[in-house]
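Single-letter residue listing:
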Amino acid sequence: MFGQVGGRFYLYARSNPELSGHRSVQVCSGETLTELGAFHMCTFDGVPTGSDVYFAHAYVPPSKRCVAVLMSLVYAEGAKQPAGVYVAISSDGVHFRGPLCVHECRSHERRVVDLPIQGCVKFTSDGVEFFVYRNIPCRIKKSKPGGPERIDKFHAKLPKYMTQHFT
């Protein structure tokens, strides 16, 4: 994703910092698209090492005052947070405040079975609207089907500390 916040462009990509099983997000930035710097690992407050951010879709809300990510997240083993689709915001594009779960779902082999659909996001004064591809066949354990494969639309109300940066 390319986006411009505070006069800088940001490019986000998936990162696999471990030999297997651990997925995260990295970012590089620059004042122009031809002068992007080195990649840096993104951090998410409260998300322990070993958690899996399988996909992160980065967006610049209409205000252009922050970067918001909609991501699939499975916390590290032993964490009490559910697997699901989360939203987080950052003012510098690298360090994100603690993610909030906007759609809880099951996981299989450290991957969520539902994924946010990229590009179909609307930031509102009270939250975020987004679509989720549900019960993805290749992500479901064959012995525990999760229901019909489908696309659903969601609206999640978010706290003021997030939404004040959207519009």
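Residues numbered from 1 in each chain as written. Predicted model: local features only at pLDDT ≥ 70, side-chain atom pairs only at ≥ 80, totals over all residues. Heavy atoms only, no water.

Mapped onto the fold, serine 125 is located in the loop between β14 (122–123) and β15 (127–134). We classify serine 125 as exposed; its relative accessible area is 56%. Along the sequence, serine 125 and phenylalanine 166 sit 41 residues apart, while their C-alpha atoms lie 6.9 Å from each other. For serine 125, the contacting residues outside a window of four places in its chain are Thr163 and Thr167. (Helix = DSSP H or I, 4+ residues; strand = E, 2+ residues; numbered from the N terminus. Buried < 20%, exposed > 50% of the residue type's maximum accessible area, 1.4 Å probe, protein only. Contact = heavy atoms within 4.5 Å.)

For the rest of this paragraph, the subject is the packing of aromatic side chains. Tallied over the entire structure, the rule returns 7 aromatic pairs. Ring centres of tyrosine 10 and tyrosine 12 lie 6.4 Å apart, and the angle between their planes is 25 degrees; on these two criteria the pair is classed as stacked. The burial state of tyrosine 10 is the same as that of tyrosine 12; both residues are buried. Ring geometry for tyrosine 75 and tyrosine 86: centres 5.7 Å apart, planes at 65 degrees, overall edge-to-face. Of the two residues, tyrosine 75 sits in the loop between β7 (67–74) and β8 (84–90) while tyrosine 86 sits in strand β8, which places them 11 residues apart along the sequence. For the pair tyrosine 75 and tyrosine 86, a shared accessibility class is recorded, and that class is buried. Put simply, the rings of Tyr59, Phe123 and Phe166 pair up and form one aromatic cluster. A cation over a ring is seen here: arginine 14 above tyrosine 54, with NZ or CZ 4.5 Å from the ring centre. (Phe/Tyr/Trp six-rings, centres within 6.5 Å; stacked < 30°, edge-to-face > 60°. Lys NZ or Arg CZ within 6 Å of the ring centre and 35° of its normal.)

All right, on to unusual backbone geometry then. Its identity as a non-glycine residue notwithstanding, lysine 64 has a phi of 60 degrees, on the positive side. Classification of lysine 64 as exposed rests on a relative accessible area of 54%.

With that out of the way, let us pick up the sheet that holds β8. Spatial ordering of the open sheet is given by β6-β7-β8-β10, a layout of 4 strands whose pairing is antiparallel. Only two strands of the sheet have a single partner each, and these edge strands are β6 (52–59) and β10 (100–104). Here the average twist between neighbouring strands, direction ignored, is 25 degrees. For β6 and β7, the ladder comprises 7 bridges, and the chain directions are antiparallel. When the bridges of β7 are listed, aspartate 52 appears paired with valine 74. (Pairing = 2+ DSSP bridges. Axes fitted to C-alpha atoms, helices over the stretch in contact; angles between N-to-C directions.)

Turning next to the nonpolar core. Core analysis: the biggest nonpolar cluster contains 19 residues, and Tyr12, Cys42, Phe44, Val69, Met71, Leu73 and Phe96 have the highest contact counts within it. Those elements that place two or more of their residues in this core are β2 (8–15), β3 (24–30), β6, β7 and β8. Examining the composition of this core, we find that 4 residues originate from one element, β7, more than from any other. With residues up to four places along the chain from it excluded, the contact list for valine 69 reads Phe44, His57, Ala58, Tyr86, Val87, Ala88 and Phe96. Cys66, Val102, Val121 and Phe130 belong to the second-largest nonpolar core, a separate cluster that totals 17 residues. (Core = buried A, V, L, I, M, F, W, Y, C linked by side-chain atoms within 4.5 Å.)

These figures capture arrangement, not role.
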